[in-house]
Amino acid sequence: PSDHDDIIIGKEKIIEEISKYEHPYFIIDLMYWDEHTIKEKRKLALQLNQSYGLIRDYLWGERLVLTWLNKEAESSMHFPLSRITSFKGPTHQFLAENGIKEAILLDPWAKRDIKPEDFTSKAFIIGGIVDKTGDKKGTTPRIGEKLQENKIKVKRRKISLMGDTVGVPDRINLILEILLKMMFEDKKMEEAILEIQ
Ligand code: SAM
């Protein structure tokens, strides 16, 4: 292994020792890839690139999962897909193959905020959705329905400022960063939101 790999392995060990939580999968669900314009696909790829950097800061690449990955999405990525977990099939199939029966869906339309008791989950799902055109409203709950239709128990949870999602950035990498800060740096939700702004 290169020096770089050694550093990552070292960090993995440290996180294993200090983390209260399992090392869950952070799944970005690309079910809606084809619904995006070329410009949106470019932005989506950029946000995924930033998510890759983040997961390597906190955990390691393999914990980031891209599902529904088709040929076009694959060729749009700017980082080595061999360093993460890439999955061509649907999210429910990935979960089933890994023995995971329930997951937390990060959903701005959810009733409940995400709380520390949710952090023991083995999988967190973020919608691989960019809204530059206004035709994708309500797509995140649809990701949840698809999972439930396929026998995955889904807990929908939002990130909010006193119950309101206005003022919370909706970029995939920022949602991931807020979550990672809450889980692995013990930050309160408001604190984590402020820090990424
Ligand atoms: N158009 C989508 C909708 O109406 O459901 C929102 C897409 S948002 C740009 C991308 C993803 O970030 C969402 O699928 C969700 O997983 C996550 N997300 C964005 N804001 C969030 C919030 N306030 N709380 C929880 N998850 C959020």
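Values in this document were obtained by computation on a predicted structure and should not be read as measured data.

Attention now goes to the packing of aromatic side chains. Summed over the entire model, instances satisfying the criterion amount to four aromatic pairs. The interplanar angle of 80 degrees and the centroid separation of 5.1 Å between the aromatic rings of Y25 and F94 together place this pair among those described as edge-to-face. Of the two residues, Y25 is situated in strand β1 (residues 25-29) and F94 in helix α4 (residues 91-97); the sequence distance between them amounts to 69 residues. Cluster of aromatic residues (ring-pair linked, three or more members): Y25, F87 and F94. Between the NZ or CZ atom of R63 and the centre of the ring of Y25, over which it lies, the distance is 4.3 Å.

The next point concerns the confidence of the model for the protein. Atomic detail in the predicted coordinates should be set aside for any region of low pLDDT. In this model, the protein carries a mean pLDDT of 92, and residues with pLDDT of at least 70 account for 89%. Across the interfaces of the predicted complex, the ipTM metric reaches 0.99, alongside a pTM of 0.91.

The subject of this paragraph is the packing of helix α2 (residues 38-58) against helix α6 (residues 172-184). Across the interface, α2 lies against α6 with an axial gap of 8 Å and an inter-helix angle of 15 degrees. With respect to α6, the element α2 is oriented roughly parallel. Note on packing geometry: the crossing formed by α2 with α6 is right-handed. Of α6, the residues touching α2 (which contributes L44, Q47, Q50, S51, L54 and Y58) are I172, N173, L176, E177, L180, K181 and F184. Of the residues that constitute the contact of α2 with α6, the class distribution is seven nonpolar, four polar and two charged.

Rules and cut-offs
Residues numbered from 1 in each chain as written. Predicted model: local features only at pLDDT ≥ 70, side-chain atom pairs only at ≥ 80, totals over all residues. Heavy atoms only, no water. Phe/Tyr/Trp six-rings, centres within 6.5 Å; stacked < 30°, edge-to-face > 60°. Helix = DSSP H or I, 4+ residues; strand = E, 2+ residues; numbered from the N terminus. Lys NZ or Arg CZ within 6 Å of the ring centre and 35° of its normal. pLDDT = per-residue confidence, 0-100. Axes fitted to C-alpha atoms, helices over the stretch in contact; angles between N-to-C directions. Parallel < 35°, antiparallel > 145°, perpendicular 65-115°, else oblique. Left-handed = near helix turned anticlockwise from the far one by under 90°. Contact = heavy atoms within 4.5 Å. Nonpolar A, V, L, I, M, F, W, Y, C, P; charged D, E, K, R; others polar.

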